[in-house]
Amino acid sequence: MKLELIGLNHTIFSAEIRGRAAINPDHLSDVVNRILENENVEGVVVLSTCNRVELYLSPKLHSSEAELRSLFADVCHLTREESFEPYIMRDAEVTQHLLRVASGLDSQFLGEVQILTQVKQAYHTALQLACTNSILNRLFLQAIECGKLVRTRTGISQGAVSVAYAAVDLAERVFGKLTDRKVLLVGAGETIQLASKYIAESGATSWRVSNRTPERAQLLADALGGEVAAWPVREEDLAWADLIVSATNSPDVVISAESVKHALAHRREPVLFLDLAVPRDVDPALQSADDIYVYCVDDFREMVEANLKLREREAVRAAKLVDREVEEFVTWYRENRIAPTIQQLQLVLEAIRTTEVENNAHRFTPEDREQMEKFSRAMMKKVTSLIVANLKRASLDKNDLSVARAVTMAFAREDQTSVKEVLEKLDHELSH
Amino acid sequence: MNLIVYLLLPALLVLVYSGLLAMWLQLAGRPDQQLERRAVRAGWAALALYAIWMALVSLQQRQVPVLTVGQLLAFLGLLIWADQTYVQHRIRQRLLVVLPLITVILLLLAAVVVGIHPNTHPKAMSGPWSAFHITLSLAGVAMLLGSGVFGAGAMILHRQITHRAFGPLFGALPPLGDMNRLRSFALYVGWWMITISLASSIVYMIIANAGAPIFFAHLHVMFGLWLVISVLTLSEKRNWLGQYRQARMSVVLSALILLMVMASVVQMFLGGRA
């Protein structure tokens with residue numbers, strides 16, 4: 001197999017170096033052209049995200065490690081010291097790696113979904129730049145399929161793995177869709193803004209914002225299409241809301257258990273408190289009851305850890321699926337290596353058959369000629385099948401290309417120039 | 001033909017539904033969207049098979065399948081599974097499906113054990129009125145049992161949320177809000193069905209039998225049951241208890257309803273008929 005990979009990711013470089021190494025989409029075409037200037041390289045796909053930069057190469061012959069490092073350092077602006085860090089993989093290892101990447105098994109957050117979109121994007125860009133070959137095409141299509149398969153067949157991407165997402169996930173577990181839910185935001189800082197963004201994405205449209213600084217509350221309320229509520233939080237606003245999200249910098253409790261008790265005395269609908277502040281905004285004396293749910297940051301951390309554990313368990317199943325897909329790719333590749341030999345064999349045998357039938361046609365009646373045609377076709381088919389079966393056995397099961405070479409030589413005709421090309425390719429593989 | 005309709009087909013259905021249960025139990029343990037899609041499709045196929053069997057029984061005896069206790073149990077199983085299949089179509093619920101599936105299998109097994117073949121055709125059980133009354137009652141009971149299932153699901157998820165238990169169960173159940181909405185919907189529809197069924201039986205008694213009671217002993221049980229359901233439905237409508245307590249009441253009352261219906265059906269068929 002002729003595949004090479006050189007790359008870096010979050011495990012070996014800091015965000016700062018990764019940021020410098022990332023390939024700007026505007027410069028991608030130049031980078032690809034520079035790589036393809038090397039005649040040994042038949043195809044390239046560049047995967048550049050915030051967590052990884054990887055070059056997938058399909059060379060005629062394997063390059064040396066030094067050549068690859070020099071090329072990568074040049075493309076990614078790495079210093080000489082840094083250029084020794086990136087990982088290099090070859091052949092089946094490359095397949096395994098890409099399939100794991102697309103499946104989210106190699107991500108910073110196990111089971112991350114975005115990476116599959118990024119792999120797809122990298123491949124489509126490569127197609128637009130016409131810098132792929134049949135091996136890279138098949139490899140990336142298989143990786144994309146594998147990524148989808150892993151996400152549908154396992155729970156690798158299930159459950160939130162960040163505190164803000166976990167908070168919204170919990171709100172959705174309690175209410176279902178948040179479309180008709182009334183949301184009271186207490187505070188207007190970064191945490192509240194992030195949480196409100198996720199809640200808005202989940203469909204909430206009815207908002208009130210209560211903040212110590214009314215101007216900031218107004219800004220956030222305007223952005224969400226809601227209204228400003230009074231500060232400190234009134235019982236009336238607590239009674240109005242289904243979902244209360246709080247994240248202020250206040251050292252004291254902002255929502256007391258007493259005020260909640262008064263506010264919710266006649267309420268029968270569920271209400272959820274998401275306290276994202278440290279120290280807590282919601283009085284710790286307020287406990288979850290029949291239709292009241294109170295969650296703080298520590299609970300969400302627990303939730304994230306539980307989700308990560310679940311994902312780790314699912315990763316074992318995902319890895320098995322990836323291994324199966326890698327095996328499929330390797331089989332395809334091995335079959336692909338002997339495809340030109342088979343094509344050559346079929347061409348030659350068919351040419352011999354046609355010539356012999358034509359030369360002897362005058363000896364037979366039209367009815368007999370038809371029979372002869374059928375008979376000769378059947379015979380050639382059997383001969384071809386036998387040779388192809390043995391070829392595949394040698395190539396697929398024993399990874400032995402010498403039989404393919406012998407068959408190509410045995411059925412070569414002097415007037416065929418394509419044989420030379422086929423032999424050259426086989427020799428490359430054999431030398432490898 | 002009798003052997004096929006009254007023994008082989010129900011036995012086949014028990015096998016089919018057991019297979020379906022195995023699929024959902026596997027899914028309850030681990031998520032697999034592909035297998036889930038297959039299980040949902042298999043659920044529709046199982047429903048179609050069940051409906052065909054019930055239609056064959058009806059054709060064979062020229063009467064809807066309400067002639068024996070076994071037939072009633074089997075019919076109830078069909079209605080429960082029809083409800084469940086519809087709900088499955090509306091919301092994703094990897095775990096909740098297990099409960100109705102077990103109920104359906106138990107009902108089918110009970111039907112086979114009690115006997116599905118009608119040795120006699122009770123005169124009072126034939127005719128369109130009887131079919132309408134019993135079918136509607138059973139559909140109402142199926143809805144109320146469904147309400148109990150959603151109540152149980154809501155209680156389980158409530159416990160998971162309040163105890164911060166974020167295991168597989170937490171992710172496998174549908175959202176609390178959805179379960180409460182479905183519970184409430186099933187309760188309303190069930191109440192309407194039971195109410196119409198009961199009202200129609202009273203009208204029938206007055207018109208067709210000149211006021212003479214047909215199943216008096218059975219009727220007062222049904223009327224008592226209707227009162228209980230009505231109180232629960234009113235409480236749901238007015239939201240007197242809050243969602244969690246209402247869910248708890250749904251579970252308790254569904255169990256009670258099932259017991260009362262079973263008792264009244266058994267009483268009716270084992271000599272309690274007035």
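Residues numbered from 1 in each chain as written. Chains lettered and ligands numbered in written order. Predicted model: local features only at pLDDT ≥ 70, side-chain atom pairs only at ≥ 80, totals over all residues.

Novice: Just to check I follow, could you spell out the overall build of chain B for this structure?
Specialist: Within chain B one finds nine helices and zero strands. Listing each helix as α and each strand as β along chain B from the N terminus yields α-α-α-α-α-α-α-α-α. Residues classed as buried in chain B amount to 42% of the 274 residues present. A separation threshold of at least 6 residues defines the contact pool for chain B, and within that pool the share at least 24 residues apart is 81%. (Helix = DSSP H or I, 4+ residues; strand = E, 2+ residues; numbered from the N terminus. Buried ≥ 20, exposed ≤ 12 C-beta atoms within 10 Å, placed from the backbone. Contact = placed C-beta atoms within 7 Å.)

Novice: Explain the overall build of chain A to me, please; I cannot follow it from the model alone.
Specialist: A count of helices and strands for chain A gives 15 helices and 10 strands. Here chain A holds 432 residues, and the buried ones make up 39% of them. Sequence-distant contacts in chain A: of pairs separated by 6 or more residues, those separated by 24 or more amount to 68%.

Novice: Is there a simple way to explain the confidence of the model for chain B in this structure?
Specialist: Interpretation of the predicted coordinates at a detailed level should be avoided for regions scoring low in pLDDT. On average, residues of chain B score 83 in pLDDT, and 87% of them are at 70 or above. Both scores are available for the predicted complex, with the pTM at 0.71 and the ipTM at 0.77. (pLDDT = per-residue confidence, 0-100.)

Novice: Before we go on, may I ask you to explain the domain arrangement of chain A in this structure?
Specialist: Accessible area lost on assembly of the parts is the figure often given for the size of an interface. As assigned here, chain A comprises domain 1 (4–153), domain 2 (163–304) and domain 3 (337–431). Here the C-alpha centre of domain 3 of chain A lies 39 Å away from the C-alpha centre of domain 1 of chain A. (Domains from an automatic or database assignment.)

Novice: Sorry, what's going on with the sheet that holds strand β7 (residues 227–229) of chain A here?
Specialist: Pairing between sheet strands relies on hydrogen bonds along the backbone, with the strands arranged either parallel or antiparallel. All names here are of chain A. Pairing in this open sheet of six strands is parallel, and the strands run β7-β6-β5-β8-β9-β10 from one edge to the other. On the outer flanks of this sheet lie β7 and β10 (292–296), each paired with one strand and no other. Averaged over all pairs of adjacent strands, the angle between their axes in this sheet comes to 20°, without regard to strand direction. Note: strand β9 (residues 271–275) against β10, five bridges, orientation parallel. Each residue of the ladder has a partner; that of Phe273, found in β10, is Val294. Each of β8 (243–246), β9 and β10 touches helix α7 (residues 163–175); the most contacted strand, β9, lies at about 170° to it. (Pairing = 2+ DSSP bridges. Axes fitted to C-alpha atoms, helices over the stretch in contact; angles between N-to-C directions.)

Novice: So what exactly am I meant to see when it comes to the sheet that holds strand β2 (residues 41–48) of chain A here?
Specialist: All names here are of chain A. A sheet is described by the order of its strands in space; here four strands give the open sequence β2-β3-β1-β4, paired in antiparallel fashion. Since the sheet does not close on itself, it has two edges, and those belong to β2 and β4 (87–90), each with one partner. Each adjacent strand pair in this sheet contributes to an overall mean axis angle of 15°, direction not counted. As defined by bridge partners, strand β1 (residues 4–9) adjoins β4 across four bridges and the pair is classed as antiparallel. Paired with Ile6 across the strands is Ile88, a residue of β4. Across the sheet, helix α3 (residues 65–76) touches β1, β3 (52–59) and β4, and the angle it forms with β1 is around 45°.

Novice: Is there a simple way to explain helix α1 (residues 2–29) of chain B in this structure?
Specialist: An α-helix turns once per 3.6 residues; consequently, residues spaced three or four apart project the same way. All names here are of chain B. With 28 residues, α1 should cover 40 Å at 1.5 Å per step; its first-to-last C-alpha distance of 40 Å lies within 8% of that length. Its maximal kink placed at Leu8, α1 deviates by approximately 35°, while the proline Pro10 follows within four residues. Among the residues making up α1, those that are buried are Tyr6, Pro10, Leu13, Tyr17, Leu20, Met23, Trp24 and Leu27. As for α1, its buried residues are in contact with α2 (33–61), α3 (69–90) and α4 (98–114). (Expected span 1.5 Å × (residues − 1). Bend = angle between axes of the 7 residues up to and from the residue.)

Novice: In this structure, what is going on with the nonpolar core? I would like to understand it.
Specialist: It is characteristic of soluble globular proteins that their nonpolar side chains tend to be buried jointly. By size, the foremost hydrophobic cluster in this structure holds 122 residues, and its most contacted members are A:Ala167, A:Ala171, A:Val245 and B:Leu76. With 15 residues, the single largest contributor to this core is helix α5 (residues 128–162) of chain B. Beyond its immediate chain neighbours, meaning those up to four positions away, A:Ala171 contacts A:Leu178, A:Ile199, A:Leu243, A:Leu272 and A:Leu274. Among the nonpolar cores identified, the runner-up in size contains 47 residues, and A:Val53, A:Val150, A:Ile156 and A:Val322 belong to it. (Core = buried A, V, L, I, M, F, W, Y, C linked by C-beta atoms within 7 Å.)

Novice: It is not clear to me how the environment of B:Pro31 should be interpreted in this structure. Could you clarify?
Specialist: Tracing the sequence through the fold places B:Pro31 in the loop between α1 and α2. Placed 131 residues apart in sequence, B:Pro31 and B:Thr162 show a C-alpha to C-alpha distance of 23 Å.

Novice: Just checking my understanding: could you explain the pairing of β2(A) for this structure?
Specialist: When a strand is regular, its side chains alternate between the sheet's two faces. Residue and element names in this part refer to chain A. In terms of residue burial, β2 counts as a mostly covered element, since seven of its eight residues are buried. One ladder, built from seven bridges, connects β2 with β3; its direction is antiparallel. Looking at β3, one finds that Gly43 is bridged to Ser58. A loop of three residues connects β2 with β3, the two strands running antiparallel in sequence.

Novice: Explain the interface of chain B and chain A to me, please; I cannot follow it from the model alone.
Specialist: Across the contact, 21 residues belong to chain B and 23 residues belong to chain A. Of the residues contributing to the side of chain B that touches chain A, the split by class is seven nonpolar, nine polar and five charged. (Nonpolar A, V, L, I, M, F, W, Y, C, P; charged D, E, K, R; others polar.)

Novice: It is not clear to me how the domain arrangement of chain B should be interpreted in this structure. Could you clarify?
Specialist: Residues and elements named next belong to chain B. Considered domain by domain, chain B is made up of domain 1 (1–121) and domain 2 (127–274). On the side of domain 2, 23 residues touch domain 1, which itself brings 20 residues to the contact. At the level of elements, α1, α3 and α4 are the ones that each hand at least two residues to the side of domain 1 that touches domain 2. Per-class residue counts for the side of domain 1 that touches domain 2 are 15 nonpolar, two polar and three charged.

Novice: Is there a simple way to explain α3(B) in this structure?
Specialist: The end-to-end C-alpha separation of α3(B) is 32 Å, in line with the 32 Å expected for 22 residues at 1.5 Å each. Judged by how many residues are buried, α3(B) sits mostly within the fold: 16 of 22 residues are covered.

Novice: Teacher, can you tell me more about the pairing of strand β6 (residues 206–210) of chain A here?
Specialist: All names here are of chain A. Burial analysis of β6 places four of its five residues in the buried class, which makes it a mostly covered element. Pairing of strand β5 (residues 182–186) with β6, which is carried by five bridges, proceeds in the parallel orientation. The residue bridging Val186 from the neighbouring strand is Ser210, located in β6. Tracing the backbone out of β5, into helix α8 (residues 190–201) and back to the parallel element β6 gives a crossover that is right-handed. Pairing of β6 with β7 involves three bridges; the strand directions are parallel. Its bridge partner lying in β7, Arg208 is registered against Glu227. Handedness of the β6-helix α9 (residues 214–224)-β7 crossover: right-handed. (Right-handed = clockwise from strand over helix to strand, strands pointing away.)

Novice: Any chance you could explain unusual backbone geometry here in plain terms?
Specialist: Excluding glycine, a negative phi dihedral is what most residues carry, and trans is how most peptide bonds are arranged. All names here are of chain A. Residue Pro232 is reached from Trp231 by a cis peptide bond, and omega for that bond is -5°. Tracing the backbone shows Pro232 in the loop between β7 and α10 (235–240). Cis geometry marks the peptide bond from Val278 to Pro279; its omega dihedral reads -5°. Position of Pro279 relative to the elements: it lies in the loop between β9 and β10. Phi at Asp91 takes a positive value of approximately 55°, unusual for a residue other than glycine.

Novice: What is the right way to read the packing of α7(A) against helix α12 (residues 297–360) of chain A from this model?
Specialist: Helices that pack against each other are described as a pair by the angle of their axes relative to one another and the distance between those axes. Residues and elements named next belong to chain A. Running from amino to carboxyl end, α7 crosses α12 at an angle of 95°, the nearest separation of the two axes being 9 Å. When the interaxial angle is binned, α7 and α12 end up roughly perpendicular. Taken together, the residues of α12 that come into contact with α7 (itself represented by Val163, Ala166, Ala167 and Leu170) are Val297, Phe300, Arg301, Met303 and Val304. The class makeup of the residues in the contact of α7 with α12 is eight nonpolar, no polar and one charged. (Parallel < 35°, antiparallel > 145°, perpendicular 65-115°, else oblique.)

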